[in-house]
Amino acid sequence: MDKLVADVEELYRSSFACAAQCCARAPGRVEVLGNHTDYNEGLVLSAAIDRHLCVAVGRSDNTFEFVSGSFPERVVISEVVPQKEYAWTNYALGVYHWLKAAGYPVAPFRMAVTSTIPQGAGLSSSAAFEVASGLALGDLYGFKIDKQELAHLCRKAEHTFAGANCGLLDQYSVLFGKQQHLLLIDFRTLDYRPISLAGLDIVFAITESGVTHRLGESAYNDRRIECESAARYFSEKDPAVHSLRDVNPGKLHQAGDELQASALKRAQHVIGEIERVKAAIELLEQKDLRGFGKLLYGSHESSLVNFENSCPELDSLVRIASQFEGAYGSRLTGGGFGGATLSVLDCTIEKHTFVRHLTDAYARETGHTCAIHFATPAGGAEIIER
Ligand code: GLA
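Residues numbered from 1 in each chain as written. Predicted model: local features only at pLDDT ≥ 70, side-chain atom pairs only at ≥ 80, totals over all residues. Heavy atoms only, no water.

Undergrad: What should I look at first to understand the overall build of the protein chain in this one?
TA: Per the secondary structure count, the protein chain includes 11 helices and 12 strands. By the compact-globule yardstick of 21 Å for 386 residues, the protein chain fits well, its C-alpha radius of gyration being 21 Å. In the protein chain, which comprises 386 residues, the share counted as buried stands at 59%. Within the protein chain, contacts between residues at least 6 apart in sequence are counted, and of these 71% link residues at least 24 apart. As displayed, the protein chain offers around 15900 Å² of accessible surface, 49% of which is attributable to carbon and sulfur atoms. (Helix = DSSP H or I, 4+ residues; strand = E, 2+ residues; numbered from the N terminus. Rg over C-alpha atoms; globule rule 2.2 N^0.38 Å. Buried < 20%, exposed > 50% of the residue type's maximum accessible area, 1.4 Å probe, protein only. Contact = heavy atoms within 4.5 Å. Areas by Shrake-Rupley, 256 points an atom, 1.4 Å probe, with all protein chains shown as cover.)

Now the structure itself:
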């Protein structure tokens, strides 16, 4: 049995003095290209990664009880409302709330959680927690839920119980990831397609900058508003435009001075990212990793200049990674404003040399310590059959 599953079952047993009834596992995810395009109906290349979160659940009478390998406390909750003190329980509580609201026959539960997804590293441990909770509760209370519906319910949980107005990227990647594949997701149609990495010997290095900007969450929500207002400008001119997805680079060029400078830059980023994702698919098919890597650097540059969701620490990490032989490309990944970068590396590099190169130069330049996680694409979330 997988060690993480064994650990979560043991944690459940030792905390609640009985065996768990059901168990589910969900991976973390990394956004490879297509920054801030999900809520603009754009295209994203992402991957589930080989770091997981596991939940074990059992029925409870009328309270919700939580234990976690990452937190010392045992939390008992009687009312399903967003928690302040034990905010980590909100992801599972939020999913429970929305399952119930959608008419699924859920009832109170006990839950144990273990994880190898670094928290706060921009690897969506929260989406993994939501999705694993939804799958485990379905198994516990004997119902099947369509994965796309579960993704939507989990996103609602994130909006209402955790306060982040995120798109669907995280939940989709966690649910539909495939081993040794990237996932191309179209957020207009919600279709997704695995893109094979066979014959492309790469490894991901996800680097935590050690910096989270205090305003990260509200800045994320502000960017979303700015994108929506840019889309409105275009749809007033042309009713066929519903979102920035409908604005091609030509239309954007014509907008020129009429559009507020900041809205223009936000639109440039989103539209540029959608074009970069399209170009990336072709380059990956041609096995052109250098060309693919350049798109990652281009994405980061656009974050810095247009979307303004980078920061000096992330810029520094990207620059240092780019100086490493064997690095194809590097960029900030996820929301930005601090957080993490993704570097795509040749899998034959010596990992410890890369780690030393990055950590030494980063500490010299910024005074911060970074943490590096190597990862490869993994399969999506699943119920553990026992
Ligand atoms: C965060 C959000 C996602 C997406 C990315 C940016 O990870 O949760 O929905 O918007 O930022 O691409």
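Undergrad: What should I look at first to understand the packing of helix α2 (residues 90-101) against helix α3 (residues 125-140) in this one?
TA: The relative placement of two packed helices comes down to the angle between their axes together with the axis-to-axis distance. Interhelical geometry of α2 versus α3 gives an angle of 45° and a closest axis separation of 8 Å. Classified by the angle between their axes, α2 and α3 sit oblique to one another. Relative to α3, α2 is oriented so that their crossing is right-handed. Every residue of α3 that contacts α2 at Tyr91, Ala92, Val95, Tyr96 and Leu99 is listed here: Ser126, Phe129, Glu130, Ser133, Gly134 and Leu137. Its residues assigned to classes, the contact of α2 with α3 comprises 7 nonpolar, 3 polar and 1 charged. (Axes fitted to C-alpha atoms, helices over the stretch in contact; angles between N-to-C directions. Parallel < 35°, antiparallel > 145°, perpendicular 65-115°, else oblique. Left-handed = near helix turned anticlockwise from the far one by under 90°. Nonpolar A, V, L, I, M, F, W, Y, C, P; charged D, E, K, R; others polar.)

Undergrad: Sorry, what's going on with the site of the ligand here?
TA: Taken together, 13 residues are adjacent to the ligand, and Glu31, His36, Asp38, Asp170 and Tyr220 come closest. At 2.5 Å, a side-chain N or O of glutamate 31 approaches an oxygen atom of the ligand. In the model, an oxygen atom of the ligand is placed 3.2 Å from a nitrogen or oxygen of the glycine 335 main chain. Here the ligand, which alone exposes 300 Å², has 92% of that area covered by the protein. Going through the elements one at a time, β1 (22-33) and α5 (169-176) are the ones with two or more residues in the shell around the ligand. Residues belonging to the shell around the ligand are distributed by class as follows: 4 nonpolar, 5 polar and 4 charged. Lining the shell around the ligand are residues from two domains, each supplying at least three of them: domain 1 (3-198 + 379-383) and domain 2 (202-375). (Near = heavy atom within 4 Å. Polar contact = N/O pair within 3.5 Å; in protein donor to acceptor, adjacent residues only side chain to side chain. Domains from an automatic or database assignment.)

Undergrad: Can you walk me through the packing of α3 against α5 in this structure?
TA: Between α3 and α5, whose axes approach to 9 Å, the crossing angle comes to 60°. With respect to α5, the axis of α3 lies oblique. Every pair of crossing elements has a handedness; the one defined by α3 and α5 is right-handed. Contacts from Ala127, Ala128, Glu130 and Val131 of α3 reach α5 at Asp170, Gln171, Val174 and Leu175. Across the contact of α3 with α5, the residue classes tally to 5 nonpolar, 1 polar and 2 charged.

Undergrad: Any chance you could explain the pairing of strand β3 (residues 64-68) here in plain terms?
TA: On a regular strand, each side chain points to the face opposite its neighbour's, so the side chains alternate between the two faces of the sheet. Buried residues dominate β3, accounting for 5 of its 5 residues. What you see with β3 is no split at all: Phe64, Phe66 and Ser68 on one side and Glu65 and Val67 on the other are buried throughout. Relative to strand β4 (residues 71-77), β3 runs antiparallel, the two sharing 4 bridges. Bridging from a neighbouring strand, serine 68 pairs with phenylalanine 71 of β4. Hairpin connection between β3 and β4: a loop of 2 residues separates the two successive antiparallel strands. (Pairing = 2+ DSSP bridges.)

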